[in-house]
Amino acid sequence: MSDYARTERTLLAGLLLEVGPDAPTMCAGWTTRDLAAHLVVRERRPDAMLGVLVPPLAGHTEHVRRATAARQYADVVHEVRNPPWWSPVSNPLTDELANTVEFFIHHEDVRRARPDWEPRQLTHGQQAALWRAARFTGRLTLRRWRRPVRVQAPGFGEFQVGDGAPAAGLTGTPGELVLFLAGRQRVARVEVTGDDSIRTARLSM
């Protein structure tokens, strides 16, 4: 079994400590402190995370996240690095499925908010895992744009969302496509053909 989720978690925790609690991220309005708190709440407070799916509960989610962010930053990062075994999203049975993409994206959220970043060279295995995720999430997120889109990752495959001739085409490595489809179009190294407005469309779930 691969351990991409664990590797990205470890790299992210190290980077969070390196840059400190007030560094910017690609999550609009969030510092590294905010992002770390989000990850802790996601894993340790399933009651609070209901607000992500149920809008009337969003206030509770944000209240819990802010309370977590107010704690000692090093303690919060320690909990990012060491998830509880009982977490619905981070136990041994679900960790790789639930967190391979989550921690890759958030690791890049911190990396790409810094100057002079460059894409990392990922292994073929990790790119393949990210491509599987891109095919799944892309079919959901690209429907927001309401126009046909073709997505291509040379060496891994392609898929189309919507019927008819594509209004836009996206080409890139799986990792870059995952970031694009998660709403990080501004920093994703993806070639866009056709209707360029997809670069600013709201795609994240």
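A few points on the structure. Residue indices begin from 1 for each chain and proceed along its sequence in written order. Only residues with pLDDT of 70 or above have their local features reported here, since the model is predicted, and side-chain atom pairs are shown and tallied only from 80 upward, although totals for entire chains, interfaces and linings are computed over all residues. Computation of side-chain values: all heavy atoms of the structure, hydrogens and water removed.

A few points about the overall build of the chain
- Each helix corresponds to a stretch of at least 4 residues labelled H or I by DSSP, and each strand to a stretch of at least 2 residues labelled E; elements are numbered beginning at the N terminus. The helix and strand inventory of the chain stands at eight helices and four strands.
- Computed over its C-alpha atoms, the radius of gyration of the chain comes to 17 Å, within 12% of the 17 Å expected for a compact globule of 205 residues.
- Three labels apply to residues, based on accessible area from a 1.4 Å probe with only protein chains included: buried if under 20% of the type maximum, exposed if over 50%, partly exposed otherwise in between. Going through the 205 residues of the chain one by one, you find that 48% of them count as buried.
- Restricting to contacts in the chain with at least 6 residues of sequence separation, those with at least 24 account for 58%.
- For the chain, the exposed surface amounts to about 10,700 Å²; the carbon and sulfur share of it is 55%.
- Only four residue types enter the charge count, namely Lys and Arg as positive and Asp and Glu as negative; His and the chain termini do not. By convention, charge coordinates are those of NZ in Lys, CZ in Arg, CG in Asp, or CD in Glu. Looking at the chain, you have 27 positive and 23 negative side-chain charges, and the mean spots of the two groups are 3 Å apart. Throughout, radius of gyration means the C-alpha value; the globule benchmark is 2.2 Å times the number of residues raised to the power 0.38. Only heavy atoms matter for contacts: two residues are in contact if any of them lie within 4.5 Å across the pair. Computed with a 1.4 Å probe, the accessible areas rest on the Shrake-Rupley method; for each residue, only the protein chains presented here act as cover.

A few points about the pairing of strand S2 (residues 157-161)
- When DSSP finds two or more bridges between a pair of strands, those strands are recorded as paired. As judged from the five bridges shared by strand S1 (residues 149-153) and S2, these two strands associate in the antiparallel manner. Bridge assignment links Gln 152 to a residue of S2, and that residue is Glu 158.
- Counting the residues in the hairpin turn of S1 and S2 gives three residues, including Gly 155, whose phi is positive at 90°.

Thoughts on the sheet that holds strand S3 (residues 168-171)
- Strand order in the open sheet formed by four strands is S2-S1-S3-S4, and the pairing between neighbours is mixed. Single-partner strands in this sheet number two, and they are S2 and strand S4 (191-194). The average undirected angle you get between the axes of adjacent strands in this sheet is 15°.
- Here four bridges tie S1 to S3, and the two strands are oriented parallel to one another. By the bridge assignment for S3, Val 149 is matched with Ala 168.
- Lines fitted to the C-alpha atoms define the axes, with helices restricted to the stretch that makes contact. Angles between their N-to-C directions range from 0 to 180 degrees. The strands touched by helix H7 (residues 124-141) are S1 and S2; relative to S2, the strand with the most contacts, the crossing angle is about 10°.

A look at the pattern of salt bridges
- Each salt bridge in this description consists of a side-chain nitrogen of Lys or Arg and a carboxyl oxygen of Asp or Glu lying within 4 Å of one another. Taken as a whole and judged by the stated rule, the model has 19 salt bridges.
- Residue Glu 108 is joined to Arg 112 by a salt bridge in which the shortest nitrogen-to-oxygen separation is 2.7 Å.
- Exposure remark for Arg 112: the relative accessible area of 5% places this residue in the buried category.
- With a shortest N-O distance of 2.7 Å, Arg 184 and Asp 109 are connected by a salt bridge. Separated by 75 residues along the polypeptide, Arg 184 in the loop between helix H8 (174-181) and S4 and Asp 109 in helix H6 (residues 95-111) bring together distant segments of the chain.
- For Asp 109, a relative accessible area of 0% gives the class buried.
- Several salt bridges share partner residues, and in doing so they unite Glu 8, Glu 108, Arg 111, Arg 112, Arg 120 and Glu 176 into one network.

Here's the deal with the nonpolar core
- As used in this record, nonpolar core signifies buried Ala, Val, Leu, Ile, Met, Phe, Trp, Tyr and Cys residues forming a set joined through side-chain atoms within 4.5 Å. Leu 142, Val 151, Leu 170, Phe 180 and Ile 198 are the most contacted members of the largest nonpolar core, which has 28 residues in total.
- Broken down by element, this core gets its largest block of residues, five residues, from H8.
- Leaving out residues up to four positions away in the same chain, Leu 170 has contacts with Leu 142, Val 149, Arg 150, Val 151, Gln 152, Leu 177, Phe 180, Leu 181, Val 190, Glu 191, Val 192 and Ile 198.
- Counting 15 residues, the second largest nonpolar core, distinct from the first, contains Ala 13, Cys 27, Ala 36 and Tyr 73.

No statement about biological role is implied by the geometric values presented.
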